[in-house]
Amino acid sequence: MMLLAVLLSLGAVGSAPHVAVLRCGGSMFRVESRSWGDPAAPSAPAAQSLSVKVGRSARRLVPLEPAPSVAIGDHRVLRSFLSSWACVRGDGGRRYVSLGYACAVEPGNPGDCAGDAEWFRLIDLRGRRLDAGLPRNGPAVDGLHERLGLARAFADGVAMTDVL
Amino acid sequence: MPGDPVEEANVQAFLRLIRHAEHYPDSGDDTYDVLYGGGRFGSYATHPNRAVTRWGHTSTAAGAYQILFGTWRDAKRRGLVNDFSPAAQDAIARDKLRSRGALPAVMRGDVPTACASLRGEWTSLPGAAQSRMSMAVAEVAFARFGGTKR
């Protein structure tokens with residue numbers, strides 16, 4: 001019964017998923033987002049998945065940050081979702097992927113994302129989290145950027161690309 | 001859009017107060033092309049969507065009101081704006097006053113009540129986590145920008 005409810009709910013979501021692709025080094029990342037077709041609906045997707053294909057290997061799923069669905073108006077959407085991304089090159093020449101997350105709930109409203117409207121995560125070209133266990137912001141993130149040779153890139157500003 | 005000239009003057013003064021708070025202690029004038037961290041962007045055709053890390057924080061905030069990319073994308077999707085021009089930035093900020101329920105307080109010149117409603121949106125406003133401006137300074141600035149309390 002519950003599965004049926006989920007399927008019926010997904011069936012009402014805009015039929016064709018929006019797909020965005022990012023090539024970074026020898027890897028190809030792909031994010032698939034399903035949003036409500038209704039222009040009055042929130043732009044946050046109702047479902048989203050990220051996958052990576054490294055070289056000639058089989059494509060596999062990359063975990064996104066866990067996000068419960070929330071009701072906004074008459075629609076259920078992901079509370080937080082992948083909003084934009086970039087392939088970033090460190091000082092040493094290695095490449096990484098910056099994932100920009102956004103919150104569907106405005107900061108200060110009940111059920112918000114700990115007061116953050118957006119935050120960023122880093123993964124390597126295999127899709128592994130490089131900042132696991134670190135807070136979204138703060139000195140630890142600065143330290144990680146330093147270690148990976150990304151401090152200058154982020155100080156200058158990394159050009160992100162919309163995935164929705 | 002407020003019809004009363006005093007209410008409209010208060011909205012304009014409050015928008016200028018937000019610009020001032022976001023770039024404090026600078027005036028907030030000439031900040032429509034400022035990126036988070038102080039850099040400048042070159043085109044108003046679209047939101048720059050640059051992730052800048054400064055002061056231990058990464059953000060896509062840009063323009064006079066330090067509008068995030070996601071906020072601009074939502075406004076564009078709703079047909080509120082087509083670009084990231086100064087007029088578009090003003091329109092988004094004004095829309096936030098409305099959606100956050102702050103517009104009545106802004107129109108009557110009640111700066112503390114308006115700030116309380118908007119702290120989640122602009123953390124530079126008095127009482128918010130990152131604010132460097134006191135409420136007294138904000139009220140003086142609001143009056144200097146042409147706002148009046150009713």
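Numbers given for residues are sequential positions, taken from 1 along each chain in its written order. A letter from A marks each chain and a number from 1 marks each ligand, given out in the order of writing. Only residues with pLDDT of 70 or above have their local features reported here, since the model is predicted, and side-chain atom pairs are shown and tallied only from 80 upward, although totals for entire chains, interfaces and linings are computed over all residues. Here the side-chain values reflect all heavy atoms present in the structure, with hydrogen atoms and water set aside.

*Asks:* What exactly am I supposed to notice about the confidence of the model for chain B here?
*Replies:* The predicted coordinates should not be examined in detail at positions where pLDDT is low. Mean pLDDT over chain B: 93, with 99% of residues reaching 70 or higher. Under the prediction, the complex receives an ipTM of 0.90, its pTM being 0.92. pLDDT gives the predictor's per-residue confidence on a scale running from 0 to 100.

*Asks:* How should the sheet that holds strand β3 (residues 47–54) of chain A be read in this particular structure?
*Replies:* Across a sheet, paired strands are connected by hydrogen bonds in the backbone, their directions being either parallel or antiparallel. Residue and element names in this part refer to chain A. One bridge is not enough; two strands pair if DSSP finds at least two bridges between them. What counts as a helix is a DSSP run of H or I of at least four residues, what counts as a strand is a run of E of at least two, and both are numbered from the N terminus. One open sheet holds the 4 strands; their spatial order is β1-β2-β3-β4, and the pairing between them is antiparallel. Both outer strands of the open sheet, β1 (18–24) and β4 (60–62), are each paired with one neighbouring strand and no more. Taken pair by pair, the neighbouring strands of this sheet meet at an average axis angle of 30°, ignoring direction. A fitted line through C-alpha atoms represents every axis, and for helices the fit uses only the stretch in contact; the resulting angles, taken between N-to-C directions, go from 0 to 180 degrees.

*Asks:* Where do I start with the environment of B:F41 in this structure?
*Replies:* Tracing the chain through its elements places B:F41 in the loop between α1 (5–22) and β1 (50–54). When the C-alpha positions of B:F41 and B:T60 are compared, they lie 12 Å apart, and in sequence the two are 19 residues distant.

*Asks:* Would you explain the sheet that holds strand β8 (residues 95–103) of chain A in this entry?
*Replies:* Residues and elements named next belong to chain A. Spatially, β9-β8-β7-β11 is the arrangement adopted by the 4 strands of the open sheet, whose pairing is antiparallel. A single partner strand is all that each edge strand has here, and the edge strands are β9 (118–123) and β11 (161–162). Sheet topology places β8 next to β9; 6 bridges connect them, and they run antiparallel. What sits directly across from A102, in β9, is E118.

*Asks:* Teacher, can you tell me more about the confidence of the model for chain A here?
*Replies:* Mean pLDDT over chain A works out to 90, with 91% of the residues at or above the 70 mark. In this model, residues 1–11 of chain A is a region of pLDDT below 50 whose contacts with residues beyond four sequence positions or in other chains number 1 contact. Two residues form a contact once any of their heavy atoms are found within 4.5 Å.

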